[in-house]
Amino acid sequence: MKTKISVIGAGNVGATTAELIARDGLADVVLFDIHEGLAKGKALDMTEACPVWGSPSIVTGTSTFEETAGSDIIVITAGFPRKPGMTRDDLLIANADVIKTVTAGTVKYSPDSIIVVVTNPMDVMAYAAMKVSGFCRERVIGMGGLLDSARFRTFVAMEVGVSAADVEALVLGGHGDQMVPLPRFTTVKGIPVPELIGKDTIDHLIERTRTGGAEIVGLLKTGSAFYAPAASAVQMVRSILFDEKRILPCSAYLQGEYGFSDVFAGVPVVLGRQGIEKIVGLSLLPEEMEMFGRSAAAVRAMIDTLNFS
Ligand code: APR
């Protein structure tokens, strides 16, 4: 049986995610949206691109949860994107309702799936998806740290004048303005970044990373970033699907790790066919720990406003 991935939300992030999966023939894709025509139209368009891509994937569009049945992975991108001046947190209430609906609707038909949450504010939406699905923490994973790290990698590469492929970075904590970029764990071909770039410049790159999403919102004016978010979600999908066991910064439900419990926050995890197979512990310096704590507390405060018991 072919692998099946349902992408919930056929907007910019969802459609781009579906496209990347289908283009590389990773799986059959069901593209789900509340707007049926949008999902069906984009799915048919992608299906017609498959012969050109040389891909065996079949892409189906729907607004019916039944058609997502038997999915191995569900990528949730449904919701509302940021508009200029909005923070990710402003999206909280509206998107929580969407997440509750689509999680309940999809897990009913795919009880053994792994959920990847992209919708913002992502750490809180991942918490909502875990509560509503009743899934164990290994099977609900948030996409945020990978994107934040990709942005930090890009800015470091631009500064040093090297390929971003040679830059590794770790950005932990919540996927919000208080995210925690860690220059100590950021390297250019193994060389720690503090040996290559001065502190003031690193601070500037960190600030640009923290506001990286807003920078794109400000340019687009009609929506938020989607190429890098979709690419990041698909890297997670690949690691799960092919049991690659990549170490990727993802949002995970913490049960004492990094000193926090009952909250989602970005930490390095090993992603394989079982979902989160391990949370990698790091010894953070007191100031890094303080930043992580502030970020996790901000996520926790948003979770509290949603009244999950
Ligand atoms: N059920 C299914 N689809 C829904 C629902 C719902 N209840 N509510 C909204 N949608 C769909 C919309 O119809 C739209 O097609 O979600 C899609 C969202 O697409 P965009 O508006 O293009 O937003 P996008 O840029 O894809 O961002 C989606 O990902 O990165 C995050 O912050 C971003 O939370 C946002 C999400």
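Residues numbered from 1 in each chain as written. Predicted model: local features only at pLDDT ≥ 70, side-chain atom pairs only at ≥ 80, totals over all residues. Heavy atoms only, no water.

Asks: Teacher, can you tell me more about helix α9 (residues 286–305) here?
Replies: Each α-helix turn comprises 3.6 residues. Residues three or four places apart therefore point the same way. With 20 residues, α9 extends 29 Å between its outermost C-alpha atoms, agreeing within 8% with the 28 Å of an ideal straight helix rising 1.5 Å per residue. For α9, every residue scored as buried is listed here: Glu288, Phe292, Gly293, Ser295, Ala296, Val299, Met302 and Ile303. Buried positions along α9 lie against α3 (92–107), α4 (122–133), β8 (171–172), β9 (180–181), β12 (246–255) and β13 (261–272). In the stretch just after α9, Asn307 is the one whose phi turns positive, near 55°. (Helix = DSSP H or I, 4+ residues; strand = E, 2+ residues; numbered from the N terminus. Expected span 1.5 Å × (residues − 1). Buried < 20%, exposed > 50% of the residue type's maximum accessible area, 1.4 Å probe, protein only. Contact = heavy atoms within 4.5 Å.)

Asks: Even after reading the chapter, I still don't get the packing of α4 against α9, so can you show me in this structure?
Replies: In a packed pair of helices, the relevant descriptors are the angle between the two axes and the axis-to-axis distance. α9 packs onto α4 with a crossing angle of 50° between their chain directions and a minimal axis gap of 9 Å. As judged from the angle between their axes, α4 and α9 are oblique. Two packed elements cross with a definite hand, and for α4 against α9 that hand is right-handed. Taken together, the residues of α9 that come into contact with α4 (itself represented by Asp123, Val124 and Tyr127) are Val299, Arg300, Met302 and Ile303. Taken together, the residues of the contact of α4 with α9 sort by class into five nonpolar, no polar and two charged. (Axes fitted to C-alpha atoms, helices over the stretch in contact; angles between N-to-C directions. Parallel < 35°, antiparallel > 145°, perpendicular 65-115°, else oblique. Left-handed = near helix turned anticlockwise from the far one by under 90°. Nonpolar A, V, L, I, M, F, W, Y, C, P; charged D, E, K, R; others polar.)

Asks: Sorry if this is basic, but what is going on with the site of the ligand here?
Replies: Near the ligand lie 20 residues; those nearest to it are Asn12, Val13, Asp33, Thr77 and Asn120. For the ligand, an oxygen atom lies 2.6 Å from a polar atom in the side chain of Asp33. Within the backbone of Phe80, one N or O atom sits 3.4 Å away from an oxygen atom of the ligand. Counting atoms within 2 Å of the grid points, the majority share of the ligand lands in the largest pocket. Where the shell around the ligand is concerned, the elements lending two or more residues are α1 (12–23) and α3. The leading source of residues in the shell around the ligand is α3, at three residues. (Near = heavy atom within 4 Å. Polar contact = N/O pair within 3.5 Å; in protein donor to acceptor, adjacent residues only side chain to side chain. 1 Å grid on protein atoms, 1.4 Å probe; cavity = no way out; pocket = protein on both sides within 12 Å on 5 of 7 lines; lining within 4 Å. Sits in = over half its atoms within 2 Å of the grid points.)

Asks: Sorry, what's going on with a nonpolar patch on the surface here?
Replies: Residues Val160, Val162, Ile191 and Leu196 make up a contiguous nonpolar surface patch of about 260 Å² in total accessible area. Mapped onto the secondary structure, Val162 falls in the loop between α5 (145–160) and β7 (167–168). Residue classification places Val162 among the partly exposed positions, given a relative accessible area of 33%. (Patch = residues over 30% accessible without salt bridge, like charges linked within 9 Å, V, L, I, M, F, W, Y side chains within 5 Å. Areas by Shrake-Rupley, 256 points an atom, 1.4 Å probe, with all protein chains shown as cover. Salt bridge = Lys/Arg side-chain N within 4 Å of Asp/Glu carboxyl O.)

Read these as geometric descriptors, not functional statements.
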